[in-house]
Protein chains: 2
Amino acid sequence: MAANRTRSQTVTDDIRELIVQGELQPGEHANEQPIAERLGVSRTPVRTALSTLASEGFLVYHPNRGYFVRRFDLSELMDAYDVRATLEGLAARRAAERGLSEEDEAAIRAALADGDRILTKDTFEPDDLLPYRAMNMAVHGTVIKAAHSARLEQAIRSAQNMPLLSDRIILWQDLPILRRSHDDHHRVLDAILHRKEWRAESLMREHVYYAGLNLQRHLRQYCGHDDVIQPEAWRDVLAS
Amino acid sequence: MAANRTRSQTVTDDIRELIVQGELQPGEHANEQPIAERLGVSRTPVRTALSTLASEGFLVYHPNRGYFVRRFDLSELMDAYDVRATLEGLAARRAAERGLSEEDEAAIRAALADGDRILTKDTFEPDDLLPYRAMNMAVHGTVIKAAHSARLEQAIRSAQNMPLLSDRIILWQDLPILRRSHDDHHRVLDAILHRKEWRAESLMREHVYYAGLNLQRHLRQYCGHDDVIQPEAWRDVLAS
DNA sequence: CGGCTTATAATTGGATACAATCTTTCTTGC
DNA sequence: GCAAGAAAGATTGTATCCAATTATAAGCCG
């Protein structure tokens, strides 16, 4: 399925990576010709890619002037986490209302066990990052899937269309915070299984919102006084 | 500002209208050439327009096969209202947390007075529809604006990218429901002014959610047993 | 007659060419 | 010297052309 990727789609991914990696600096004008040459294609797929990325929120479009890399400051980051927290809270509530399928419950339990295993050790090794991230994405993704709302899924996905906002972001420097965060995961599952809608919603909301606060605290040291988030600020957070 | 509209943008609006008006039927394949000829342009602006409309959620894209008009059923409509209700609740809460500017408060008060004037009469005339709709959009728009979050605004806007979901939709057939709905507006303002965050959030959430329920009830008679929403079902709701 | 393969037509994806718009620079007049 | 305007350059927007892919129809074999 979807084995047939068109060139515009790969170009979209390439340019998105250029933005996230900071090769296209915030505020910069995205010139079509140079990008096309750099990626070895014509302007056409570049144009459709830019249009897509603009609708995803990475670029802003000015008619007859082209696309500019969107610049974010810390307050916008928190606004976005606010939206994401609210929507994931809704997802958790809906999951609690409907209940989990057997597969979904099994998937979350397996992920939770993975997280437990990683966190029982005394230190968090760099090698733990990828499995932990996979665990995190599995938990959140399964809860969202269990909400059974394509519209909600789309809204959450588009709320993550911003550097530093996705559930791939893991701040692993502080082990106690990580443990507390994973404890949230356990409680969310418990709330969903016991059909405690309100508890599931508020737990998930706080869980995501605090991740935003934590990230903000981590990023502030990288930001100038204007609070504009520079690409180098998230290099270490993204890892690979 | 924005006086310079490009051809792709007008074509986007045209095609969106074709979809909403049902000239492009749900599930139908959006052929580029016929649309281009019909609108008197080449395929290029049509293609960018289709791409935009797909990202807005009106179309779905299949690589190498083109764009198809998205079909909605009643449950998807309610899912979307669920998202919109949650997000507008968040907006109301944020507005309550920050407080209203003088202009915003004045705008809402003026709109509420308009609504009061329309609803004190014994009947709701067709001529009342446009002013009432304007009032409704003013109230919701101002609350959203007062939340001071561009990200939230965008999320709410994209949650409305679906026929029948916008705040332009007014079901005026039932006057008591309309009165109750407008009473909600008063209470939301009261909650925001008194900084009752939780009250503002839950009031707005219920206010929007109930509008969805009401619309669903209204639409069910037009739908077949498969609950697919047919374009003719919303002709009378949209008015002009 | 039905299912499979193959050939043909239709449609989308991408590249190139041209037109419209914007940006920059240079000139001119005060 | 500076401001306003005009011309040149650069960049986006649109149209057209060709290639790649998919959908459709015809032919073939069981």
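This is a predicted model, so every value here is computed, not measured.

Visitor: Summarise the nonpolar core; cite the residues concerned and give the values.
Guide: In terms of nonpolar packing, the biggest core is built from 72 residues, with A91(A), A92(A), A95(A), A91(B), A92(B) and A95(B) touching the most fellow members. Among all residues touching A91(B), those that are not within four sequence positions of it are V143(B), I144(B), A147(B), L152(B) and I156(B).

Visitor: Quick rundown of the protein's contact with DNA strand D? Include the residues and the values.
Guide: In the region of DNA strand D, 18 residues are neighbours, and G66(A), R7(B), S8(B), S42(B) and N64(B) sit closest. Those elements giving two or more residues to the surface near DNA strand D turn out to be α2 (32-39) of chain A together with α1 (7-20) and α3 (43-56) of chain B. By residue class, the composition of the surface near DNA strand D is three nonpolar, 10 polar and five charged.

Visitor: Would you mind going over the sheet that holds strand β2 (residues 59-62) of chain A in detail, with residue names and values included?
Guide: All names here are of chain A. Taken in spatial order, the three strands line up as β1-β3-β2 in an open sheet, and their pairing is antiparallel. Each edge of the sheet is formed by a strand with only one pairing partner; in this case those strands are β1 (29-30) and β2. Relative to strand β3 (residues 66-69), β2 runs antiparallel, the two being bridged by four bridges. Paired with V60 across the bridge in β3 is F68.

Visitor: Tell me about the confidence of the model for chain A, and name the residues and values.
Guide: When pLDDT is averaged along chain A, the result is 89, and 88% of the positions lie at 70 or above. For chain A, per-element mean pLDDT is lowest for helix α10 (residues 232-238) of chain A, which scores 59, and highest for helix α5 (residues 102-120) of chain A, which scores 97.

Visitor: Run through the protein's contact with DNA strand C, naming residues and quoting values.
Guide: Surrounding DNA strand C, one finds 18 residues, the nearest of these being R7(A), S42(A), T44(A), N64(A) and G66(B). Contributions of two or more residues to the surface near DNA strand C are made by α1 (7-20) and α3 (43-56) of chain A together with α2 (32-39) of chain B. Here the surface near DNA strand C gets three residues from one element, more than from any other, and that element is α3(A). The residue inventory of the surface near DNA strand C, partitioned by class, reads three nonpolar, 10 polar and five charged.

Visitor: Describe the packing of helix α4 (residues 74-98) of chain A against helix α8 (residues 175-193) of chain A, and please don't skip the residues or the numbers.
Guide: Residue and element names in this part refer to chain A. Packing of α4 against α8 leaves a shortest axis separation of 7 Å and a crossing angle of 40°. Taken together, the axes of α4 and α8 are oblique relative to one another. Listed contacts from α8 to A92, A95 and A96 of α4 are V188, A191 and I192. A breakdown of the residues in the contact of α4 with α8 according to their chemical character gives six nonpolar, no polar and no charged.

Visitor: Lay out the interface of chain A and chain B with the relevant residues and their values.
Guide: Counting residues at the interface gives 24 residues for chain A, matched by 25 residues for chain B. Of all the elements in the fold, those that place two or more residues in the side of chain A that touches chain B are α3, α4 and α7 (150-159) of chain A. Ranked by residue count, the leading element in the side of chain A that touches chain B is α4(A), at eight residues. Taken together, the residues of the side of chain A that touches chain B sort by class into eight nonpolar, 11 polar and five charged.

Visitor: A description of the relation of the copies chain A and chain B should follow, citing residues and the corresponding values.
Guide: The transformation that overlays chain A on chain B combines an axial shift of 0.1 Å with a rotation of 180°, and the residual RMSD is 0.1 Å. Here the transformation between the copies is reduced to the relation of a two-fold axis.

Visitor: An account of α3(B) is needed here, citing residue identities and associated values.
Guide: With 14 residues, α3(B) should cover 20 Å at 1.5 Å per step; its first-to-last C-alpha distance of 20 Å lies within 8% of that length. Trailing α3(B) by a residue or two, G57(B) shows a phi angle of about 100°, which is positive.

Visitor: Kindly report on the packing of helix α4 (residues 74-98) of chain B against helix α7 (residues 150-159) of chain B, identifying the contributing residues and their values.
Guide: Geometry of a packed helix pair, given as the angle between the helix axes and the separation of the axes. All names here are of chain B. Direction vectors running N to C along α4 and α7 enclose 155°, while the axes themselves pass 9 Å from each other. Considering the angle they form, α4 stands roughly antiparallel to α7. In this structure, α4 crosses over α7, and the sense of that crossing is left-handed. Here α4 contributes A80, V83, R84, L87, E88, L90 and A91 to the contact with α7, which in turn contributes L152, A155, I156 and A159.

Cut-off values and rules
Residues numbered from 1 in each chain as written. Chains lettered and ligands numbered in written order. Predicted model: local features only at pLDDT ≥ 70, side-chain atom pairs only at ≥ 80, totals over all residues. Core = buried A, V, L, I, M, F, W, Y, C linked by C-beta atoms within 7 Å. Buried ≥ 20, exposed ≤ 12 C-beta atoms within 10 Å, placed from the backbone. Contact = placed C-beta atoms within 7 Å. Near = placed C-beta within 6 Å. Helix = DSSP H or I, 4+ residues; strand = E, 2+ residues; numbered from the N terminus. Nonpolar A, V, L, I, M, F, W, Y, C, P; charged D, E, K, R; others polar. Pairing = 2+ DSSP bridges. pLDDT = per-residue confidence, 0-100. Axes fitted to C-alpha atoms, helices over the stretch in contact; angles between N-to-C directions. Parallel < 35°, antiparallel > 145°, perpendicular 65-115°, else oblique. Least-squares fit on C-alpha atoms with pLDDT ≥ 70 in both. Expected span 1.5 Å × (residues − 1). Left-handed = near helix turned anticlockwise from the far one by under 90°.

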